[in-house]
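Per-entry structural report
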Amino acid sequence: MPRKETRMKVGFIGLGAMGSAMASNLLAAGHGVTVWNRSEAATEPLASLGAKVARTADRAVLGDAVCSMLANDQAVRAVFLDSGLLDAMDPGTVHVNHATISVALARELAEAHAARGLEYVAAPVFGRPDAAAAARLNIVAAGKAAAIDKVRPLLDAMGARVWPMGETPERANVVKIAGNFMLAAAIESMAEASALTRAHGVGAADFLEVMTSTLFASPAYQGYGKLIAEERYSPAGFAMPLGLKDVGLALSAGEATRVPMPFAGVLRDNFLDALAHGGEALDWSALALVAARRAGLDKREDV
């Protein structure tokens, strides 16, 4: 007999571009979804797809599980710890946290959930909003095996693959932090290299087509290389302040375990440079603008 699909009652908190797309895929898979967002307007498209709208966060955490996709440590702390929201959850409820947060906060959250008889799964994702909309995210999951098994139907509805990282939740977070550091490093390498070729008369599009079709023929280089070649930095799929935040998380995680990350320091300063020059709303691939500006390419008549 075919395996019966599990339909779950799930809350979803945090409805930015990523969260909204992920919640819509839970609805498409037939799960009962209750959504909450600090800005209520973000709930309207999901309500039209059949989601229930909770007026307060505590009404969104009464199901089998609650998923959250919030922007940073501060937002996660405010919603789940400072507000007392965990006390509104029934023992045994699984909280699946998709946010990219610090290792330190991941540990604190795991302890806070355990103290209340709640299950906690860290499940940060790799993928931009288009991948989220297509349910093609790669989900890195860590937590108790039984808890991950319980929410597996939810993870499968939102992602192309789930990558287990063990029972200690922060393991998933450090994988996500390290992965985003690698993405930022890839963007920076293409930014500097294409500035070099442009200074010698070879356009970024021509150079990056060669590289991303041969030596660097991988999704990260191809996707971000295309954005750089086309100078298509808006609308942002992953905004510049988030890049700065994630590089900061990498530096903090490295400092905590005495792991030097000298290039992360370079990236941090480049993100600050971009933000100081008005890049707040741009995609983090706009690090290419920093490299071009430093090379004076906008002032050279021969480029």
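This one's a predicted model, so the numbers in the text were calculated from it and none came from an experiment. (Residues numbered from 1 in each chain as written. Predicted model: local features only at pLDDT ≥ 70, side-chain atom pairs only at ≥ 80, totals over all residues. Heavy atoms only, no water.)

**Digging into the nonpolar core**
Ranked by internal contacts, the top residues of the largest apolar core, which has 35 residues, are Phe-12, Met-22, Leu-26, Leu-137, Leu-154, Leu-155 and Met-158. Mapped onto this core, the elements with two or more residues apiece are strand 1 (9-13), helix 1 (17-28), strand 2 (32-36), strand 4 (65-68), strand 5 (94-97), helix 5 (129-133), strand 8 (137-141) and helix 6 (145-158). Broken down by element, the residue count for this core peaks at seven residues, all from helix 6. Among residues more than four places away in sequence, those in contact with Met-22 are Phe-12, Met-69, His-98, Val-125, Ala-132, Leu-137 and Met-158. If you look at the next biggest cluster of nonpolar residues, it comprises 34 residues, including Met-190, Ala-195, Phe-207 and Leu-297. (Core = buried A, V, L, I, M, F, W, Y, C linked by side-chain atoms within 4.5 Å. Buried < 20%, exposed > 50% of the residue type's maximum accessible area, 1.4 Å probe, protein only. Helix = DSSP H or I, 4+ residues; strand = E, 2+ residues; numbered from the N terminus. Contact = heavy atoms within 4.5 Å.)

**Describing the sheet that holds strand 9 (residues 159-164)**
Spatially, three strands are ordered 7-8-9 in an open sheet, and the strand pairing comes out mixed. The sheet terminates laterally at strand 7 (125-126) and strand 9, the two strands that pair on one side only. Pairing of strand 7 with strand 8 involves two bridges; the strand directions are antiparallel. Residue Phe-126 lies in a different strand from strand 8, and its bridge partner there is Asn-138. Seen against the sheet, helix 6 touches strand 8 and strand 9 and runs at an angle of roughly 145° to strand 9. (Pairing = 2+ DSSP bridges. Axes fitted to C-alpha atoms, helices over the stretch in contact; angles between N-to-C directions.)

**Brief notes about the packing of helix 7 (residues 170-199) against helix 12 (residues 287-294)**
Following both chains from N to C, one finds helix 7 and helix 12 inclined at 35°, their axes separated by 8 Å at the closest point. Here helix 7 runs over helix 12; the crossing is right-handed. Residues Ala-184, Ile-187, Glu-188, Ala-191, Glu-192, Ala-195 and Arg-198 of helix 7 form the contact with helix 12, whose participating residues are Leu-287, Ala-288, Ala-291 and Ala-292. Residue classes in the contact of helix 7 with helix 12 are distributed as eight nonpolar, no polar and three charged. (Left-handed = near helix turned anticlockwise from the far one by under 90°. Nonpolar A, V, L, I, M, F, W, Y, C, P; charged D, E, K, R; others polar.)

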